[in-house]
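Letter by letter, the chains look like this.
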Amino acid sequence: MAIQQKKTETELPLDTILAGDCVARMQELPENSVDLIFADPPYNLQLKGELHRPDNSKVDAVDDHWDQFNSFAAYDRFSREWLAAARRILKPDGAIWVIGSYHNIFRVGAALQDAGYWILNDVVWRKSNPMPNFRGKRLTNAHETMIWAAKSDSGKYTFNYEALKALNEGVQMRSDWVLPICSGGERLKDAAGNKAHPTQKPESLLHRVLVASTKPGDVVLDPFFGTGTTGAVAKRLGRHFIGIEREEEYRAVAEARIEAIRRYDRDALQVTQSKRAEPRVAFGTLVERGLLPVGAELRSLNGRHRAKVRADGTLIAHDTKGSIHQVGAVLEGAPSCNGWTYWTFRKGGDWVPIDVLRQQVRAEMSPA
């Protein structure tokens, strides 16, 4: 991994931090080349004056030059420019995540839609340990909002639904995520012991984003790389990253941080897949291969019904004929039936779901 000042080649600078303006650097990259973009742009906080705690100590608020814009119009122009450059390099089935606060996320959301992106979800990151509102004049700002959008309304974006469900103890993942802000040992410090970056995001947030919407080997670009949270998590999860960062001190911190990261092993990188994502296996394939011989008897899982396998991969039970799903539905008087889990076959002294044979064929179809 290396920091690059300039690259004129057309190939992707994988696992690299590019120095400079994000729009200019994205324009150097090939069109339709990136799988996912995670963007944490300046929030345009519009801070006026210093902020102090009740004990009169100063709050280390975001007052850096890169978060300052002369007007809303200037910020909108900036948003349109970087979003257009980002959309050009996204693959047709690519997607983008943008995070922001109430100061900017609504303006960015409008710019996203105007640029042709298709919004999939807005996700509320609810902070379990938010910074209090010291002036006591507003509600404690305890959340930030992320917008997840596809490149277009026809894009077949990646969504690892079953993996997120597994992360959430088997329950469908909601659009409100309760995660702590970056603190303690995770918070990077500079040589003087101060925060290396005022808005460093927690790795837990990026872990969930990348597990949800990328696959191992995908290319993830972060145009506002900061101290490299996106790169650190991407490397650990076996994804490639491209970072763009204008500030030299942030690049130096990010390079050292990512250099120390070790990728998880291949088996650990695999996530739970949807059944729909697995290779399709027809019941007739089991018959053709002799895994279930013609004339074999199948029994329903509840033991109430029996059927016989026919040469063309259909079943017959009394006067009912058809697929494993159709026959099961008729026998149960149900509108539908998953024949793979409904029917069992004799194996030794046990009755085993025929889905076991389908999984055997799928395992043979998968790459080594």
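This one's a predicted model, so the numbers in the text were calculated from it and none came from an experiment.

## Concerning the environment of Glu249
As for its placement among the helices and strands, Glu249 is situated in helix α7 (residues 248-259). When the C-alpha positions of Glu249 and Gly226 are compared, they lie 9.1 Å apart, and in sequence the two are 23 residues distant.

## Things to note about unusual backbone geometry
A positive phi angle, close to 55°, is found at Asn32, a residue other than glycine. Positionally, Asn32 belongs in the loop between α1 (22-27) and β3 (34-39). Judged by its relative accessible area of 33%, Asn32 falls in the partly exposed class. Positive phi outside glycine occurs at Glu169, with the angle close to 60°. With respect to the secondary-structure elements, Glu169 resides in the loop between α4 (161-167) and β7 (176-179).

## Considerations on the pairing of strand β8 (residues 219-222)
Of the two faces of β8, the one carrying Val219 and Leu221 and the one carrying Val220 and Asp222 are both buried. The pairing of β3 with β8 spans 2 bridges and is classified as parallel. In the strand pairing of β8, Leu36 is matched with Val220. As paired strands, β8 and strand β9 (residues 240-245) are joined by 4 bridges and run parallel to one another. Of the residues in β9, the one forming a bridge with Leu221 is Ile242. For the handedness criterion, the β-α-β arrangement of β8, helix α6 (residues 229-236) and β9 is classed as right-handed.

## Quick notes on the pattern of salt bridges
Within the structure shown, the criterion is met by 14 salt bridges. Between Arg174 and Asp176 there is a salt bridge, with the nearest N and O atoms lying 2.9 Å from each other. In this structure Asp176 comes out as partly exposed when scored by relative accessible area, which is 29%. In this structure, Asp355 and Arg358 form a salt bridge, with 2.7 Å as the shortest nitrogen-oxygen distance. Here Asp355 pairs with Arg358, and both are found in helix α12 (residues 355-365), just 3 residues apart, close to one helical turn. The two residues Asp355 and Arg358 agree in class, both being buried. One continuous salt-bridge network, built from bridges that share partners, spans Glu203, Arg236 and Arg257.

## Some words on the sheet that holds strand β15 (residues 350-353)
The antiparallel open sheet is built from 6 strands, whose spatial order is β13-β12-β11-β10-β14-β15. Unpaired on one side and paired on the other, β13 (320-322) and β15 mark the two borders of the sheet. Across this sheet, the average inter-strand angle for adjacent strands is 35°, counted without regard to direction. Bridging between strand β14 (residues 343-347) and β15 involves 4 bridges; their strand directions are antiparallel. Note that in β15 the partner of Lys347 across the bridge is Asp350. Its contacts with the sheet put helix α10 (residues 324-332) on β12 (315-317), β13 and β14, and the angle it makes with β13 is roughly 150°.

## What about the confidence of the model for the protein?
For the protein, the mean per-residue pLDDT works out to 88, and 89% of the residues sit at or above 70. Low pLDDT, under 50, characterises residues 49-54; the stretch is placed with 15 contacts to residues that sit more than four places away or in other chains. This stretch, residues 57-62, has a pLDDT under 50; its non-local contacts, to residues over four places away or in other chains, come to 18 contacts.

## Side note on the packing of aromatic side chains
Throughout the structure, instances matching the rule amount to 11 aromatic pairs. Centre to centre, the rings of Trp148 and Tyr157 are 5.5 Å apart; their planes meet at 85°, and the pair counts as edge-to-face. Trp148 sits in the buried class, given a relative accessible area of 5%. Owing to a relative accessible area of 34%, Tyr157 belongs among the partly exposed residues under this scheme. Chaining the aromatic ring pairs together yields one cluster made of Trp97, Trp148, Tyr157, Phe159, Tyr161 and Trp177. Looking at Arg87, its charged tip hangs above the ring of Tyr117, at a distance of 5.9 Å from the centre. The aromatic ring of Trp125 is capped on one face by Lys127, whose charged end is 5.2 Å from the ring centroid.

Conventions used here
Residues numbered from 1 in each chain as written. Predicted model: local features only at pLDDT ≥ 70, side-chain atom pairs only at ≥ 80, totals over all residues. Heavy atoms only, no water. Helix = DSSP H or I, 4+ residues; strand = E, 2+ residues; numbered from the N terminus. Buried < 20%, exposed > 50% of the residue type's maximum accessible area, 1.4 Å probe, protein only. Pairing = 2+ DSSP bridges. Right-handed = clockwise from strand over helix to strand, strands pointing away. Salt bridge = Lys/Arg side-chain N within 4 Å of Asp/Glu carboxyl O. Axes fitted to C-alpha atoms, helices over the stretch in contact; angles between N-to-C directions. Contact = heavy atoms within 4.5 Å. pLDDT = per-residue confidence, 0-100. Phe/Tyr/Trp six-rings, centres within 6.5 Å; stacked < 30°, edge-to-face > 60°. Lys NZ or Arg CZ within 6 Å of the ring centre and 35° of its normal.

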